[in-house]
Amino acid sequence: MSLRLAVLASGQGSNLQALLDAIAREDLDARIVGVLSDQPAAPALRRVPENLRWSLDATSFADRAAFDSELADAVAARAPDWVICAGYMRILGDAFIARFRDRLLNIHPSLLPKYRGLRTHARALAAGDSEHGASVHLVVPELDAGAVIAQVRIAVLPGDTAQTLAQRLLPREHALLLAVLRLLAEGRVTERDGLASCDGHPLFTPLRLDSAGLLDTADATPTR
Ligand code: GRF
């Protein structure tokens, strides 16, 4: 049974497109059951047929809880196995997170726990980091603080700007998200009480994506 994925996106949707392409080439056993946005003009919405789109202008709501409640009902109506925040730029309230607890993922462009929040590339540069990267993590009420399932690392190069760093990282984010979703689709990564496990072994350290786009799940298996 293909993994049912609802994707939350606010902008371009390049992560979404990477998933759509993988599904089309039968590289991911999943179905996008909805693309939901707080931005009716988000290009991400136009990457799927109209019947899969949902959006409301979040700024037209009195408060976060009111928008989140509409969003949660729209997500639930699609009965997803997982809800993927991919370029979703609003903070999800506690009630939404509680409703989809244990099946909410986010891809964040930093090596968490470093640089939670925004402007991650600029902050990594300002700190003089030699490495940067992205993390796929479970979503909990505290911003970008959920258990990290997997990460991908890139070198910071001399002369890098926030833009060049973001551009070099984005395709690696796509590969990372796809690799994690493949493990979810295979039932190899599970989540319980805020902790992720791979092949039954708790992921106390994130899986790492290699240059071939594979996650070294051997990392998850404790050496005897
Ligand atoms: C990506 O860097 C993602 O990590 C961040 O939003 C950016 C744009 O994502 N959350 P997308 O192109 O809209 O998928």
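Residues numbered from 1 in each chain as written. Predicted model: local features only at pLDDT ≥ 70, side-chain atom pairs only at ≥ 80, totals over all residues. Heavy atoms only, no water.

## Side note on the site of the ligand
Surveying the vicinity of the ligand reveals the residues Gln12, Gly13, Ser14, Asn15, Ala86, Gly87, Ile107, Pro109, Leu170 and Glu173. Contact distances for the ligand include 2.9 Å between an oxygen atom and a backbone N or O atom of asparagine 15. Coverage of the ligand by the protein chains reaches 83% of its 360 Å² of free accessible surface. Among the elements of the structure, helix H1 (14-24) and helix H5 (162-185) are those that each provide at least two residues to the shell around the ligand. (Near = heavy atom within 4 Å. Polar contact = N/O pair within 3.5 Å; in protein donor to acceptor, adjacent residues only side chain to side chain. Areas by Shrake-Rupley, 256 points an atom, 1.4 Å probe, with all protein chains shown as cover. Helix = DSSP H or I, 4+ residues; strand = E, 2+ residues; numbered from the N terminus.)

## Here's the deal with the environment of leucine 209
As for its placement among the helices and strands, leucine 209 is situated in the segment after strand E11 (207-208). Given the relative accessible area of 10%, leucine 209 is considered buried. Those residues in contact with leucine 209 that sit more than four places away from it in its chain are Gln151, Val152, Arg172, Ala175, Leu176, Ala179, Leu214 and Leu215. (Buried < 20%, exposed > 50% of the residue type's maximum accessible area, 1.4 Å probe, protein only. Contact = heavy atoms within 4.5 Å.)

## Notes on the sheet that holds strand E3 (residues 53-55)
If you trace the eight strands from one edge of the open sheet to the other, you get E3-E2-E1-E4-E5-E6-E7-E11, paired in mixed fashion. The open sheet is flanked by E3 and E11, the only strands paired with a single partner. Pairing analysis gives two bridges linking strand E7 (residues 148-155) to E11, with the strands arranged parallel. Bridging from a neighbouring strand, alanine 150 pairs with leucine 207 of E11. (Pairing = 2+ DSSP bridges.)

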